[in-house]
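# Topology and contacts: notes
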Amino acid sequence: MDITKLWQETLLLLEKTLTDVVYNSMIMKLSPIKLENNTLYLSVESSFFKTAINSRYLYDITRCVRSLTDIDIEVQIESPNDKTTEETIKFAENYAKTNLRPKYTFDTFVKGKSNEMAYAAALSIAEQPGESSYNPLFLYGGVGLGKTHLVQSIGNFALEQNPNLSVVYQSTESFTNELIYSIRDKTTQNFKNKYRRCDLLLLDDIQFLERTVETQEEIFHTFNTLYNENKQIVLTSDLPPKELGNIEKRLTTRFGMGLIVDVTLPDYETRAAILEKKLHLERLALPPAVKEFIIRNIVSNIRDLEGALNKVIAYARFTNTPITLELTREALKDQLEGAEKPIITVEYIQQIVADYHKITVEDLNSRRRTKDIVIPRQIAMYLARKIMKNVTLPQIGAAFGKRDHTTVMHGCEKISGELEYDAKLQDTILDLERKIVGEE
Ligand code: ADP
Ligand code: MG
């Protein structure tokens, strides 16, 4: 087997599988060495990359290689200057000082309209901290919209590029507390060394900066020292600099000197993409109607979206029942309270009707014509027609496995005809309507 060719083809697959950032910054750094005993040996310059690739992308690489060969090839990554244990420990120590969390990276962050500017600015800074014209980067927006995730991604990425970089991530609250303790313990020099000598300072939630003279004075000097030495500063806040009434003017002016970008509420597509990403990362699956329900109803912010997902999963585990729409609604009852009624879609109605008859949505949309499927199918069509405003017969038909609108019409007429004399059907329809509209 030609190893160069194998690797080139693997790269083509990986390019499609991984994000651009990962592909360009990590995978491109790999080169094939040899193929021996069913093991493909790849090499990468820095052992830091080796660790990063091994922990996160080895699975994808192996999968792609295997899809191109008949044998189950193992992949092993080597590094010519493989770090000694000592160096690994040193890196771990350096990393611990940064206060970063490894899970916040650009590859776990979903780009959308609401954050694309912020994402682009963050990435460009991460690639060249201090050298960009975005100094400081001031990121603002409401709670739970990904500010902390983005600024930590900058730190993690920059360190991946250059493990010797001195990065400090801190919440403004902890910054203030540290300052107060250092004054009390007479260790202000340590404090100054930490914040005024780093290469990249990520200060989160600057709106919590205390009004006290010492704190504002300290930030002022930290800012000036770093700025004058072309060290990168990134700040986040819930409001733009001008609106931070609690902070001295000389500070807010400085905060606004670089680039100010906001993150806003995610739209439907972004919420959907984020939910998919979380499911993928956790290796979980949800019925389509449940996903749809969560995406449509949890619109406040991304933290709530994640919270809703976790809650549904926990609820299903504790009650040891499958995740259905009903369970989802029950699990999210508190979160949905006072909110608008759930937005009803044809898929949503199909799911409820299918669950009720103990069949699946696929059954409803299939070509099967047995009675146990046909009747629920007609009921679901009838209910879609009755409950949903602004939906046309052709639209309903399309949702039921691309059926013709005349089929829908026939189904609806059949049910309304039978409703006149069939008391059991009347009960069923009433029951289902209650479930769909969400009244107990
Ligand atoms: P903020 O700091 O703006 O209050 P966070 O960064 O803490 O928000 O985000 C809240 C949660 O939502 C975190 O778990 C974060 O990982 C997740 N999150 C936010 N934005 C995104 C995104 N675009 N893609 C993936 N996860 C996101
Ligand atoms: Mg935050």
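Residues numbered from 1 in each chain as written. Chains lettered and ligands numbered in written order. Predicted model: local features only at pLDDT ≥ 70, side-chain atom pairs only at ≥ 80, totals over all residues. Heavy atoms only, no water.

## Considerations on the overall build of the protein chain
In terms of regular secondary structure, the protein chain is built from 22 helices and eight strands. Relative to its length of 440 residues, the protein chain is extended, with a C-alpha radius of gyration of 28 Å against a globular reference of 22 Å. For the protein chain, the spread of C-alpha atoms along the principal axes amounts to about 85 × 65 × 40 Å. The contacts of the protein chain with a sequence gap of at least 6 include a subset with a gap of at least 24, amounting to 72%. Of the accessible surface of the protein chain, which amounts to about 23,200 Å², a share of 50% is contributed by carbon and sulfur atoms. (Helix = DSSP H or I, 4+ residues; strand = E, 2+ residues; numbered from the N terminus. Rg over C-alpha atoms; globule rule 2.2 N^0.38 Å. Contact = heavy atoms within 4.5 Å. Areas by Shrake-Rupley, 256 points an atom, 1.4 Å probe, with all protein chains shown as cover.)

## Points about the packing of helix α12 (residues 268–281) against helix α14 (residues 302–319)
Pairs of packed helices are described in terms of their axes, by the angle between the two and the distance that separates them. At a minimum axis distance of 11 Å, the contact between α12 and α14 shows a crossing angle of 45°. Of the possible angle classes, the one that applies to α12 and α14 is oblique. Of the two possible hands of crossing, α12 and α14 adopt the one that is right-handed. Across the interface between the two elements, R271, I274, L275, K278 and L279 from α12 touch I302, L305, E306 and L309 from α14. Residue classes in the contact of α12 with α14 are distributed as six nonpolar, no polar and three charged. (Axes fitted to C-alpha atoms, helices over the stretch in contact; angles between N-to-C directions. Parallel < 35°, antiparallel > 145°, perpendicular 65-115°, else oblique. Left-handed = near helix turned anticlockwise from the far one by under 90°. Nonpolar A, V, L, I, M, F, W, Y, C, P; charged D, E, K, R; others polar.)

## Topic: the confidence of the model for the protein chain
On average, residues of the protein chain score 90 in pLDDT, and 97% of them are at 70 or above. Confidence, read as mean pLDDT per element, is least for helix α5 (residues 85–98) in the protein chain (81) and greatest for strand β7 (residues 232–237) (98). (pLDDT = per-residue confidence, 0-100.)

## Some thoughts on the side chain of E433
Its location among the elements puts E433 in helix α22 (residues 423–437). In this structure, E433 is in contact with L383, K386 and I387, ignoring residues within four places of it in sequence.

## Observations concerning empty space enclosed by the protein
Where empty space is left becomes clear once a probe the size of a water molecule has been rolled over the atoms. A complete count under the given rule lists two cavities of 30 Å³ or more for this structure. The space that makes up the largest cavity amounts to roughly 70 Å³. Considering the residues around the largest cavity, the lining is formed by 13 residues, among which R56, T105, D107, F157 and E160 are closest to the centre. Contributions of two or more residues to the lining of the largest cavity are made by α2 (20–25) and α7 (147–161). With four residues, the top contributor of residues to the lining of the largest cavity is α7. Roughly 60 Å³ of internal volume is contained in the second largest cavity. Residue contributions to the lining of the second largest cavity peak at three residues, all from helix α10 (residues 213–228). Per-class residue counts for the lining of the second largest cavity are seven nonpolar, one polar and no charged. (1 Å grid on protein atoms, 1.4 Å probe; cavity = no way out; pocket = protein on both sides within 12 Å on 5 of 7 lines; lining within 4 Å. Points joined across faces, edges and corners; volume = space filled by probe spheres on them.)

## Some remarks on the pairing of β7
Among the six residues that make up β7, six are buried, leaving the element largely enclosed by the rest of the structure. Here β7 shows a buried face lined by Q232, V234 and T236 and a second buried face lined by I233, L235 and S237. In the sheet, strand β4 (residues 137–140) pairs with β7 via four bridges, with the strands oriented parallel. Residue pairing in the sheet places Y140 in a bridge with S237 of β7. One ladder, built from four bridges, connects strand β6 (residues 200–204) with β7; its direction is parallel. Within the sheet, the bridge partner assigned to L202 lies in β7 and is V234. (Buried < 20%, exposed > 50% of the residue type's maximum accessible area, 1.4 Å probe, protein only. Pairing = 2+ DSSP bridges.)

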